Amino acid sequence: MIDVVMPQMGESIVEGTLTKWLKKPGERVERDEPLFEISTDKVDTEVPSPAAGTLAEVLVAEGQTVPINTVVARIDEAAVADRATQPGAEAAAAAAVEAAPKAAAEPAPAEVVSGEVGPLSPLVRRLLREHNLDPRQIKGTGAGGRITKQDVEAYLAARGQAPAAPPPAPPSEPVAIAEEPAAAAAPAEAMPLPRAEAPKVRIEPMSIMRQKIAEHMILSRRTSAHVTTFHRVDMTAVARMRERFKEQIQQRYGFSLTYLPFVTRAAAQALRAFPLLNASIDGTNIVYHNEINIGIAVALEGGLIVPVIRNADEKSVIGLQRAIVDLATRARSRQLKPDEVHGGTFSITNFGSYGSLTGTPIINQPQVAILGVGLVEKAPVVVDEDKIAIRSVCLMSLTFDHRLIDGALADQFMLKIKAVLENWSEEVL
Amino acid sequence: MREPGRRVCQVQELGRLSYAAALELQRRLVEQRRQGLIPDQFLLLEHPHVITLGRNGRPEHLLAPLEILRRAGIEFYHTERGGDITYHGPGQLIGYPILNLREWRQDVVAYVRALEQVIIEALGKFGLRAERVAGRTGVWVDGRKIAAIGVRISRWITSHGFALNVSTDLSYFGYIVPCGLSAPVTSMAELGVRATLGEVMAALVPSFGDVFECEMIMTAVPGEQQT
């Protein structure tokens, strides 16, 4: 016999109130399975059983308050030993009631599945798997409450009847409705199991992140009057700058230099010049943000996140590149801190890195504009009025909230970005 | 960079979530936490109108018939947390920490006191002097209750947590005797602090990290939360 005592749930606690027994005397309990609940100062605590066995004696009634270390129950461990001989017997019993002869030919030892469900025979486990059922939903009628093949079939038949599961047959087919309960009422053995067909769909719940992204996208669509404008930007000057310093930067800082920090730098300058693009709307007020905090969309497995580069206008190209690499790395390993994803005043999404020419991004609320950066590629371009040259070009898009920003302003903003990038003069190192 | 060996707590800002969905999420996270599959979690959210009765709650503390609640659009739940009856609704910031107390202190009273401390420190950032009242779990300002606490612990894993009135419509508390006490309730808004749930979250998270001595890590939720 093992004594179960009122546990000490904290240094200052001298007693506890037993609020509920989760097992009845005579009932079997596994080691670590919740056995009773206690209550102390607004905290309800489930206390697990210290041993496996049968709950032999309950010494403290529900509602009683006792000092810690008081024996509240006794567990008979011997019951476990008795039980050890049972699985074989149970398997035999279960095999005997299996209708299909094939099942009887598979008297594999019963296996215990985790949870409150007892052992399941291989046949039953296969049925559960085929029909994608949770064993906890099925009432077992076999030895020791275990689930038999008949239980599964009865469950399937009953489920077939329930109005909730399959859509009810249309009223034009009254025969089908009348037939179904009859079929369900027939003895289980007589009903051939439906062949498990390859399912046509697979249903799985969205992750919380996915749900939040979905909510946010729809919310943004509903909130803002989205308009997108496109500008072609000649990136040749930036490409040259990048070529010149790429290796040096890789060696000195350990990261490669991409186009993104140049675009971010140009955007920060344009935001300074056109503060309305760096604003948000609060009711009928315009909120101008003094800080330029640029969010950079980062793709994650199964979602995305927009970490924020604070005071982006105060950073050099190298500083921006470092921030982008750091935030993206930590976003992917889910190690961003709260203030690193909040407080953005403008966003950039770089779909060019996935080969997209251009796109129409959705505004990241409560911001009023987002810059989309397409693929930078070499293309023939007309220059100097009538000559054709090979240049590095990029299609950039700006989605803006037409509630606050008109097309003319949006295009001036884009022309500013274009001017900075096409006439890049700033040294990188 | 993270200090080596320091415990990590993931923050999940979930926006508005039904009581049932939050229960289910907590149940799943408690199990994953128990198995060591995830670090500690701090869920922050808002519930639609709901009245919940704790395991030890007295049904007579619900002052309105269920029919009235239904008509007022308020859900009603019996729940497994500690504490009596309470109301949750828009404008109230709900915090549900899923912590393994084995890795902090195995002390349920210390845990509740720590939750109070987190809220008191966060309110201090808004210039509010909040305090404890001996024998009455929760956080109080001038004798009025601003935050309620109700916790469940299973194998040292915590669930449920606290509800802090930010801009709660306090008239909804008229349906109940909050936590079985007839003490008045208050909110930050009633005390003259105009703050959004987002701003209060931003104040709570670092306090939580300080009090529980862990590093608070934001899990991926894109963009800004609308509050």
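Starting from 1, residues in each chain are numbered consecutively following that chain's sequence as written. The naming scheme follows written order: chains are lettered A onward, ligands numbered 1 onward. At least 70 in pLDDT is required for a residue's local features to be given in this predicted model, at least 80 for side-chain atom pairs to be given and counted, and no such filter applies to totals for whole chains, interfaces and linings, which use all residues.

J.: Lay out the sheet that holds strand β8 (residues 71–76) of chain A in plain terms, naming residues and giving numbers.
T.: Residues and elements named next belong to chain A. Paired strands are those between which DSSP finds at least two bridges. Helix and strand assignments follow DSSP, with helices taken as H or I runs no shorter than four residues and strands as E runs no shorter than two, numbered in order from the N terminus. Read across the sheet, four strands follow the order β1-β8-β6-β3 without closing on themselves; strand pairing throughout is antiparallel. Of all the strands in the sheet, the pair left with one neighbour each is β1 (2–5) and β3 (28–29). Across two bridges, the pairing between β3 and strand β6 (residues 53–58) is antiparallel. Among the inter-strand pairings, V29 is bridged to a residue of β6, identified as G53.

J.: Would you mind going over the environment of B:D210 in detail, with residue names and values included?
T.: Along the chain, B:D210 turns up in helix α4 (residues 197–211). Separated by 92 residues in the primary sequence, B:D210 and B:V118 have C-alpha atoms spaced 8.2 Å apart.

J.: Describe unusual backbone geometry, listing the residues and the values that go with them.
T.: Look at the link from A:Q365 to A:P366: it is a cis peptide, with omega at 0 degrees. Here A:P366 shows up in the loop between β18 (346–349) and β19 (369–383). Positive phi values are uncommon outside glycine, yet B:R155 reaches one of about 50 degrees.

J.: Explain the pairing of strand β12 (residues 279–282) of chain A residue by residue, including any values.
T.: All names here are of chain A. Sheet topology places β12 next to strand β13 (residues 285–288); four bridges connect them, and they run antiparallel. Following the sheet pairing, I281 is matched in β13 by I286. If you look at the hairpin formed by β12 and β13, you'll find two residues sitting between the two strands, and G283 has a positive phi there, around 60 degrees.

J.: Describe the interface of chain B and chain A, listing the residues and the values that go with them.
T.: How big an interface is tends to be stated in terms of the accessible area lost upon association of its parts. Each residue is represented by a C-beta atom placed from its backbone, and any two residues with such atoms within 7 Å are regarded as in contact. On the chain A side, the residues contacting the 36 residues of chain B number 40 residues. Broken down by secondary-structure element, the contributors of at least two residues to the side of chain B that touches chain A are β1 (8–16), α3 (108–124), β9 (144–154), α4 and β11 (215–218) of chain B. Looking at which element gives the most residues to the side of chain B that touches chain A, the answer is β9(B), with six residues. Three categories are distinguished: nonpolar for Ala, Val, Leu, Ile, Met, Phe, Trp, Tyr, Cys and Pro, charged for Asp, Glu, Lys and Arg, and polar for the others, with Gly belonging to the last. Taken together, the residues of the side of chain B that touches chain A sort by class into 17 nonpolar, eleven polar and eight charged. Sheet topology places strand β5 (residues 43–48) of chain A next to β9(B); four bridges connect them, and they run parallel. Residue pairing across strands places A:D44 opposite B:R152, the latter belonging to β9(B).

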